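The residues making up each chain are set out below.
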Amino acid sequence: SAVISQKPSRDICQRGTSLTIQCQVDSQVTMMFWYRQQPGQSLTLIATANQGSEATYESGFVIDKFPISRPNLTFSTLTVSNMSPEDSSIYLCSALGGAIDTQYFGPGTRLTVL
Amino acid sequence: AQTVTQSQPEMSVQEAETVTLSCTYDTSENNYYLFWYKQPPSRQMILVIRQEAYKQQNATENRFSVNFQKAAKSFSLKISDSQLGDTAMYFCAFMKHWRSGNTPLVFGKGTRLSVIA
């Protein structure tokens, strides 16, 4: 299995600002993903973080709002830009590890936008 | 596109009893994986059990087992000898085989399980 850490674990931010969330995996993984979980809801995929190239975004999510980097096989960042209260959610990163047949999750970042 | 449906928003069970959570899915893929994840109030997503579609044998992990019916596209989770620590949100999830390309998880809406002492 892969052990995944995220920073920060939580943050309270002002409207109009940006926050960058870091995701670190303890081993090299083929795929990394970013999900959003709005209050009381299930997880929705934001994008696939591709190593060395632009992320692949799902419908409804755009690079200007959620820029993603993945400089190597163990690390990725997600930035939530120009935040509004509607961005208040839990953001989780995951990695496809081991025998590339199971996704493991980081502990999540709880974001509150005032 | 794949979809996952969990028709039970909430369930409760007495401690030490058995409970079954339902999940159905829709896909045109032949090779895929199915998962149950648990999310306690700490919000950490914890893998409970995994099933590979090409395996007919139902997966089992200690008190947790699944009833996988591929033709019916059904994947239920049975929790035996329920414990207070099983109280959590349970998500059923689908993932294409990695050979099919990009493999994010598709989640159901979740079932909130409460174990009562």
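Check the entry above for the structure.
Report on the accompanying structure. Model, not experiment: these values are computed from the prediction.

1. Brief notes about the overall build of chain A
Summing up its helical and strand segments, chain A has zero helices and 11 strands in all. The order of α-helices and β-strands along chain A, N terminus first, is β-β-β-β-β-β-β-β-β-β-β. Overall, chain A is about 40 × 25 × 20 Å in size when its C-alpha atoms are taken along their principal axes. When burial is assessed residue by residue, chain A has 53% of its 114 residues classed as buried. A fraction of 54% describes how many contacts in chain A between residues 6 or more apart in sequence connect residues 24 or more apart. Total accessible area on chain A stands at roughly 5,100 Å², and carbon and sulfur atoms take up 49% of it. Side-chain charges of chain A comprise 7 positive and 8 negative groups, with the mean position of each set lying 8 Å from the other.

2. Observations regarding the overall build of chain B
In terms of regular secondary structure, chain B is built from zero helices and 12 strands. Moving toward the C terminus, one meets the helices and strands of chain B in the order β-β-β-β-β-β-β-β-β-β-β-β. Over its C-alpha trace chain B gives a radius of gyration of 14 Å, about what one expects of a compact globule, namely 13 Å for 117 residues. When its C-alpha atoms are laid out on the principal axes, chain B stretches across 45 × 30 × 20 Å. For chain B, with 117 residues in total, the buried portion stands at 48%. Counting only contacts in chain B whose residues sit at least 6 apart along the sequence, the fraction spanning at least 24 positions is 56%. Accessible surface, chain B: about 5,800 Å² in total, of which carbon and sulfur atoms supply 45%.

3. Considerations on the interface of chain B and chain A
Interfaces are frequently sized by the accessible area removed from exposure as the parts join. Taken together, the contact pairs 21 residues of chain B with 25 residues of chain A. Buried area between chain B and chain A, summed over both chains or domains, comes out near 1,800 Å², and the portion from carbon and sulfur atoms is 54%. Put simply, chain B and chain A have zero salt bridges between them. Our enumeration of links across chain B and chain A arrives at 10 residue pairs in polar contact (both at pLDDT 80 or more). Secondary-structure elements contributing two or more residues to the side of chain B that touches chain A are β5 (32-39), β6 (46-52) and β10 (88-96) of chain B. The element that contributes the greatest number of residues to the side of chain B that touches chain A is β5 of chain B, accounting for four residues. Classifying every residue of the side of chain B that touches chain A gives 11 nonpolar, six polar and four charged.

4. Points about the pattern of salt bridges
Residue and element names in this part refer to chain B. Taken as a whole and assessed by the stated rule, the structure comprises five salt bridges over all chains. A salt bridge links Arg 50 to Glu 52, with the shortest nitrogen-to-oxygen separation between them at 2.8 Å. The class for Arg 50 is partly exposed, based on a relative accessible area of 26%. Across the salt bridge formed by Asp 86 and Arg 63, the nearest N and O atoms sit 2.8 Å from each other. Taken as a pair, Asp 86 in the loop between β9 (74-79) and β10 and Arg 63 in the loop between β7 (60-61) and β8 (64-69) lie far apart in primary sequence, 23 residues in all. One connected set of salt bridges, linked through shared partners, spans Arg 50, Glu 52 and Lys 55.

5. Description of unusual backbone geometry
With the exception of glycine, the majority of residues adopt a negative phi angle, and the majority of peptide bonds are in the trans configuration. Between Lys 7 of chain A and the following residue, Pro 8 of chain A, the backbone shows a cis peptide bond with an omega angle of -5°. Mapped onto the fold, Pro 8 of chain A is located in the loop between β1 (4-7) and β2 (10-13). One non-glycine residue, Lys 73 of chain B, adopts positive backbone phi at about 55°. If you trace the backbone, Lys 73 of chain B turns up in the loop between β8 and β9. Residue class for Lys 73 of chain B comes out partly exposed when judged on its relative accessible area of 25%.

What counts and what doesn't
All residue numbers here refer to positions counted from 1 along the written sequence of the relevant chain. Here chains are named by letter from A upward and ligands by number from 1 upward, in the order in which they appear as written. pLDDT decides what is reported in this predicted model: residues at 70 or higher carry local features, side-chain atom pairs at 80 or more are listed and counted, and totals for whole chains, interfaces and linings draw on all residues regardless. The basis for every side-chain value is the complete set of heavy atoms in the structure, and neither hydrogens nor water enter the calculation. What counts as a helix is a DSSP run of H or I of at least four residues, what counts as a strand is a run of E of at least two, and both are numbered from the N terminus. Exposure is judged per residue with a 1.4 Å probe applied to protein chains only, and the accessible area is read against the type maximum: over 50% gives exposed, under 20% gives buried, and values in between give partly exposed. Two residues qualify as a contact provided that any one of their heavy atoms is within 4.5 Å of a heavy atom in the partner residue. For the area figures, the Shrake-Rupley method with a 1.4 Å probe applies, and any residue is considered shielded solely by the protein chains shown. Neither His nor the chain termini are counted; the positive set is Lys and Arg, and the negative set is Asp and Glu. Lys charges are placed at NZ, Arg charges at CZ, Asp charges at CG and Glu charges at CD. A radius of gyration in this sense is built from C-alpha atoms; the matching globule rule multiplies 2.2 Å by the number of residues raised to 0.38. Buried area is understood as the total, over both parts, of accessible area removed when two parts are fitted together, assessed with a 1.4 Å probe. The term salt bridge refers to a pairing of a side-chain nitrogen on Lys or Arg with a carboxyl oxygen on Asp or Glu at a separation within 4 Å. In protein, a polar contact requires one atom able to donate a hydrogen and another able to accept it; more generally it is a pair of N or O atoms within 3.5 Å, and residues adjacent in sequence count only if both atoms are side-chain atoms. Gly falls in the polar group here, along with every residue not listed as nonpolar (Ala, Val, Leu, Ile, Met, Phe, Trp, Tyr, Cys, Pro) or charged (Asp, Glu, Lys, Arg).

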